[in-house]
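# Remarks on the overall topology
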Amino acid sequence: MSTGMERVGVIGGGQMGAGIAEVCARAGLDTVVCEVDAVAAHAARDRVSASLERAVLRGRLEREAARDALARMVFTGSLDDLADRQLVVEAVVENVEAKTEIFTALDKIVEDPAAVLATNTSSLPVMRLGMATARADRVVGLHFFNPVPVLPLVEIVTSLHTSPATVAAVEDFATRTLGKTVIRSQDRAGFVVNALLIPYLLSAIRMAESGFATAADIDTGMELGCAHPMGPLKLADLIGLDTVVAIAESLYDEFKEPLYAPPPLLQRMVQAGLLGRKTGRGFHTYGPRTSPSA
């Protein structure tokens, strides 16, 4: 059933942006994916195409449905191609300056004053992004989880300016159109999930850093001892260690609690480009890039 948002734009075609775009296209929506340039846009198309193919091979999607989903998508290197969108979801690097610049531009480009501008930020203030526009009442956090085609949760994060009509529209979109489960959060760093998750991941990193236990033993302990589907260091690798640092720094900046401070080992790994699955090495070593996406 239509919720009124049938033309969607996604800014960023990386791991998260590609996943968001994929679920939108699979839901039958006209989807435009915007990257920094044509080369990156082509890479984003390849990323989505590969994810759809995996879904077909795993029996989670019919091949015709995969073809139809890809046909609903346009990949571009220009923000101007988002002018007619009814919903735009920003999913670029977790950097407040980069995101603010995008929202300032979107405010001028997106023509419909009723359009919703959403951010997939994991931890940054939605208020700050809203205030970069002249339509803060139409700006909201719409935080998906990786891998987007598989995980059913979406956090809706409202700033002090986000209108009840905007919240109702995006919740309707996430639940009825995308089939996701929604939880709501106040506009605080980390929102619900990451405010609980990141201290746990940082604690595991400190344990490995101190030599208390190996990465393999830490993960095995939590998987087999606590029935977690994935150990904390494997999960950090999946999220991306650069993203873990960015979220931790946002949490520490807001709350000034030592448990949120990123450990030195984590910072050094990011400086060394050892970011986890996406680079082939983090706390564990990985083969050719494989994603658990549907």
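Below, the structure is looked at part by part. (Residues numbered from 1 in each chain as written. Predicted model: local features only at pLDDT ≥ 70, side-chain atom pairs only at ≥ 80, totals over all residues. Heavy atoms only, no water.)

## Here's the deal with helix α1 (residues 15-26)
For α1, spanning 12 residues, the distance from its first C-alpha to its last is 17 Å, which sits close to the expected 16 Å at 1.5 Å a residue. Among the 12 residues in α1, 10 count as buried, and that is most of the element. Those residues of α1 that fall on the buried side of the exposure criterion are M16, G17, A18, G19, I20, A21, E22, V23, C24 and A25. (Helix = DSSP H or I, 4+ residues; strand = E, 2+ residues; numbered from the N terminus. Expected span 1.5 Å × (residues − 1). Buried < 20%, exposed > 50% of the residue type's maximum accessible area, 1.4 Å probe, protein only.)

## Overview of the pattern of salt bridges
Throughout the structure, instances matching the rule amount to 13 salt bridges. Residue R7 is joined to D84 by a salt bridge in which the shortest nitrogen-to-oxygen separation is 3.9 Å. On the criterion of sequence distance, the pair formed by R7 in strand β1 (residues 7-11) and D84 in the loop between β3 (73-76) and β4 (87-90) is long-range, its members being 77 residues apart. We note a salt bridge from E53 to R63, for which the minimum N-O separation is 2.9 Å. (Salt bridge = Lys/Arg side-chain N within 4 Å of Asp/Glu carboxyl O.)

## Considering the sheet that holds strand β5 (residues 116-119)
If you trace the 8 strands from one edge of the open sheet to the other, you get β3-β2-β1-β4-β5-β6-β7-β8, paired in mixed fashion. The open sheet terminates on both sides in strands that have one partner only, identified here as β3 and β8 (181-186). The mean angle between the axes of side-by-side strands here comes to 25°, regardless of whether they run parallel or antiparallel. Along the sheet face, helix α2 (residues 38-57) touches β2 (30-34) and β3 and points at about 150° away from the line of β3. (Pairing = 2+ DSSP bridges. Axes fitted to C-alpha atoms, helices over the stretch in contact; angles between N-to-C directions. Contact = heavy atoms within 4.5 Å.)

## Quick notes on the packing of α2 against helix α3 (residues 63-71)
Relative to each other, α2 and α3 sit at 165°, their axes nearing to 9 Å. In terms of axis orientation, α2 runs roughly antiparallel to α3. Crossing of α2 over α3 shows right-handed handedness. Residues R45, V48, S49, L52, E53, V56 and L57 of α2 touch α3, and the partners they reach there are R63, A66, A69 and L70. Looking at the contact of α2 with α3 residue by residue, the class counts come to 7 nonpolar, 1 polar and 3 charged. (Parallel < 35°, antiparallel > 145°, perpendicular 65-115°, else oblique. Left-handed = near helix turned anticlockwise from the far one by under 90°. Nonpolar A, V, L, I, M, F, W, Y, C, P; charged D, E, K, R; others polar.)

## Let's talk about the packing of aromatic side chains
Counted under the stated rule, the structure contains 1 aromatic pair. On the basis of an interplanar angle of 40° and a centroid distance of 5.7 Å, the ring pair of F255 and Y260 is categorised as tilted. (Phe/Tyr/Trp six-rings, centres within 6.5 Å; stacked < 30°, edge-to-face > 60°.)

## Quick look at unusual backbone geometry
Here the amide bond leading from N146 into P147 is cis, since omega sits at 0°, within 30 degrees of zero. Mapped onto the fold, P147 is located in the loop between β6 (139-144) and β7 (153-158). Here F191, not a glycine, exhibits a phi torsion of approximately 55°, which is positive. Inspection of the secondary structure puts F191 in the loop between β8 and α7 (193-210). Phi angles above zero are rare outside glycine, and A227 is one such case at about 60°. Looking at the secondary structure, you find A227 in the loop between α8 (215-225) and α9 (232-239). With relative accessibility at 66%, the residue A227 sits in the exposed group.

## Digging into the packing of α7 against helix α11 (residues 264-271)
Axis separation between α7 and α11 bottoms out at 8 Å; the angle between their running directions is 90°. By the angle class used here, α7 and α11 are roughly perpendicular. When α7 is examined against α11, the residues L202, I205 and E209 are found in contact with a partner set consisting of P264, L265 and L266. By residue class, the composition of the contact of α7 with α11 is 5 nonpolar, no polar and 1 charged.

## What about α8?
Within an α-helix, residues lying three or four positions from one another point in the same direction, as the helix has 3.6 residues per turn. Those residues of α8 lying buried are A215, I218, D219 and E223. The arc that holds every buried residue of α8, seen down its axis, measures 120°, which confines them to one face. Pointing more than 90 degrees away from the buried face of α8 are the exposed residues D217, L224 and G225. For α8, the elements touching its buried residues are α7 and α9. (Arc of directions from axis to C-beta.)

Distances and angles like these do not, on their own, reveal function.
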